[in-house]
Amino acid sequence: MDPHAAPGRRTLTADTLAGLCDGPVGAYLHVPFCARICPFCPYNKVIPRLGQPERYFTALLAEARRHLGAGVPGEAGFTSLYVGGGTPTLFPDLLRPIVEALPVAGERAIEVLPTHGTPARLDALRELGFTAVSVGVQSFSDDVLAHLKRPHDAAAARAAVSAALARFDLVDADLILDAEYDDAHAGTFLRDLEQLFELGAHQVSTYPLMRFGYTPFGPAHHERRREHELLAQAGRLAQTYGYQRRSVWTFNHPNAPSYTSITRRRYLGMGAGASSFLGRDFLVNHFGVETYIAAVEQGRLPLARWLHLGSLGGAAYDAFWQAYSGRLCASSLGNRAVRAGLRAGLPLLVAGGLVAPDPADDGSYRLTERGFDSYHDLERWVTYHLIEPLWAEMLSEHAAEGGRAGWASPGRTRRRRVWAVVSRPLRRPV
Ligand SMILES: C[S@@+](CC[C@H](N)C(=O)[O-])C[C@H]1O[C@@H](n2cnc3c(N)ncnc32)[C@H](O)[C@@H]1O
Ligand code: SF4
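Residues numbered from 1 in each chain as written. Chains lettered and ligands numbered in written order. Predicted model: local features only at pLDDT ≥ 70, side-chain atom pairs only at ≥ 80, totals over all residues. Heavy atoms only, no water.

**A few points about the packing of aromatic side chains**
- Summed over all chains, the structure comprises 24 aromatic pairs.
- With a centroid separation of 6.3 Å and an interplanar angle of 70°, the aromatic rings of F212 and Y384 are classed as edge-to-face. In this pair, F212 is assigned in the loop between β6 (203-207) and α8 (224-240) and Y384 in helix α12 (residues 369-400), connecting sequence segments 172 residues apart.
- Assessed through its relative accessible area of 6%, Y384 is described here as buried.
- An aromatic cluster is built from Y43, F212, Y214, F287, Y384, W391 and W407, whose rings are joined through pairwise contacts.
- Between the NZ or CZ atom of R158 and the centre of the ring of F140, over which it lies, the distance is 5.1 Å.
- The ring of Y384 has R414 sitting right over it, with the charged end atom 4.5 Å from the ring centre. (Phe/Tyr/Trp six-rings, centres within 6.5 Å; stacked < 30°, edge-to-face > 60°. Helix = DSSP H or I, 4+ residues; strand = E, 2+ residues; numbered from the N terminus. Buried < 20%, exposed > 50% of the residue type's maximum accessible area, 1.4 Å probe, protein only. Lys NZ or Arg CZ within 6 Å of the ring centre and 35° of its normal.)

Written out as structure tokens, the structure reads:
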């Protein structure tokens, strides 16, 4: 059977999945456990019950071995490894066998909760082969951190970034752009950013606070203009420190490579709540930790949803992530219709002041500041119309397991008409 033919209701085995990859893939591992829940966070995670982490990591290793057995990474190994969560640093000893089992050719990155960014724990991550870390700073204001109900203070976040910089060639720090929750705290974000530039962080990621309806924080209105203004001010501050804007939300030290949690071209996700993009197919694993473990124990791939995008949809997906990094290059896209569509649309984007020809790269275009603002708005639309409803649907698996993710109320998610349409081709692999 042609593995790229539109999938019907057929069993998706590791071998058929391997056939869907249209080139080299990176590996993503999801660790769905946190010791405490931050009320603004939409990611898939639970507070672990007794014995659950041991059973979960055993299943994760089994899932990884199934893909290795099918030859997914090819002879060269996975192009990169990214371990995210949840809190990937919560059970380092349980994570170790899986990381050791994966052949990885390039960068190995992991998210680090600031309280776990101690010299001893960071040394252990280095010894395990990690080359890049992302520290979840959010803010250096204790008031803002208390408002976000973070499980650490500013001193712990600062110490974690400094300890990481002394050990890794690539340290990213996450900030929340608009967490200043009242006028008394206005200016906090820019002061935080300045501190990270002073510390010499290799990359700073500045995310807007996304308000998913199902989280304890619930939905809230975005102040679009204020977000644009904060990003513009961040861009000017970055320039004074010699930092470069390398994507909509990231600023990099000029000598540092980019740390790319979300723009990897192809990736295979493993673990509860992990997703995969293989070039023409988008796949989502079960979110429910017990549902995930049971599927793996029964010898199945733990897949919950499958969207066959085809060559056209796959190339459109590539164009979307290309634009995230501030660049558009039609000739690098793998579908003739998408290439032609982009070429036809580029003069309009130039006329609208959203992109400009890249003087350093013939045929490529760079997003202007206005283009970045428009992309920022597009990301918000995608987040609330596609990602939030998908994750809400998937998080209801926890309720079926006895409500262990008590923080998530999928029923409070905003209803989106567009989701009712685009979710129709989503299949449930058997
Ligand atoms: C999985 S967490 C990082 C690892 C660790 N659990 C921690 O909190 O430090 C990944 C990042 O997502 C970002 N994040 C979480 N919830 C968010 C939201 N509602 N909007 C925007 N960014 C969010 C935070 O910046 C956080 O550092
Ligand atoms: S922000 Fe990090 S620590 Fe907080 S709930 Fe989300 S994954 Fe867990």
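Now that the structure has been shown, we can carry on.
**Here we look at the layout of surface pockets**
- Its volume calculated, the second largest pocket comes out at about 290 Å³.
- What lines the second largest pocket is a set of 15 residues, and nearest its centre among them are A323, L328, L349, Y375 and L378.
- Residue assignment for the lining of the second largest pocket shows that the elements contributing at least two residues are α10 (310-324), α11 (336-351) and α12.
- The residue makeup of the lining of the second largest pocket, split by class, is 13 nonpolar, two polar and no charged. (1 Å grid on protein atoms, 1.4 Å probe; cavity = no way out; pocket = protein on both sides within 12 Å on 5 of 7 lines; lining within 4 Å. Points joined across faces, edges and corners; volume = space filled by probe spheres on them. Nonpolar A, V, L, I, M, F, W, Y, C, P; charged D, E, K, R; others polar.)

**Re the domain arrangement of the protein chain**
- Domain boundaries in the protein chain define domain 1 (25-252) and domain 2 (311-422).
- A straight line from the C-alpha centre of domain 1 to that of domain 2 covers 21 Å.
- Residue-level contacts link 35 residues of domain 1 with 28 residues of domain 2.
- Taken together, both faces of the contact between domain 1 and domain 2 bury some 2,700 Å²; the carbon and sulfur share is 59%.
- Viewed at the interface, domain 2 and domain 1 are joined by two salt bridges.
- When the shortest N-O distance is used, the salt bridge between R380 and E227 registers 3.3 Å.
- Summed over the shared surface of domain 1 and domain 2, the result is 15 residue pairs in polar contact (both at pLDDT 80 or more).
- In terms of residue count, α8 provides more of the side of domain 1 that touches domain 2 than any other element does, five residues in total. (Domains from an automatic or database assignment. Contact = heavy atoms within 4.5 Å. Buried area = accessible area lost by both parts, 1.4 Å probe. Salt bridge = Lys/Arg side-chain N within 4 Å of Asp/Glu carboxyl O. Polar contact = N/O pair within 3.5 Å; in protein donor to acceptor, adjacent residues only side chain to side chain.)

**Comments concerning the nonpolar core**
- Counting 116 residues, the largest nonpolar core has L29, Y56, F78, L81 and F130 as the members making the most contacts within it.
- Both domains that furnish three or more residues to this core are identified here as domain 1 (25-252) and domain 2 (311-422).
- Formed by eight residues, the second largest nonpolar core is a distinct cluster that contains C38, F40, C41 and L209. (Core = buried A, V, L, I, M, F, W, Y, C linked by side-chain atoms within 4.5 Å.)

**A short note on the packing of α8 against α12**
- The N-to-C vectors of α8 and α12 enclose an angle of 130°; their axes lie 10 Å apart at closest approach. One way to sum up the angle between α8 and α12 is to call them oblique. You can see that α8 and α12 cross each other, and the crossing is right-handed. From α8, R224, E227, H228, L231 and A232 reach across to α12, where they touch E369, D373, H376, D377 and R380.
- Counted by class, the contact of α8 with α12 contains two nonpolar, two polar and six charged residues. (Axes fitted to C-alpha atoms, helices over the stretch in contact; angles between N-to-C directions. Parallel < 35°, antiparallel > 145°, perpendicular 65-115°, else oblique. Left-handed = near helix turned anticlockwise from the far one by under 90°.)

**As for the site of ligand 1**
- Looking at ligand 1, there are 20 residues lining it, with F40, Q138, R150, D174 and M210 nearest.
- At 2.9 Å, a backbone N or O of F40 approaches a nitrogen atom of ligand 1.
- In the model, an oxygen atom of ligand 1 is placed 2.7 Å from a nitrogen or oxygen of the Q138 side chain.
- Across the complex, the protein chains shield 93% of the 560 Å² of accessible surface that ligand 1 would expose by itself.
- Of all elements in the fold, only β3 (108-112), β4 (132-138) and β5 (170-176) reach the threshold of two or more residues within the shell around ligand 1.
- Split by residue class, the shell around ligand 1 holds twelve nonpolar, five polar and three charged. (Near = heavy atom within 4 Å. Areas by Shrake-Rupley, 256 points an atom, 1.4 Å probe, with all protein chains shown as cover.)

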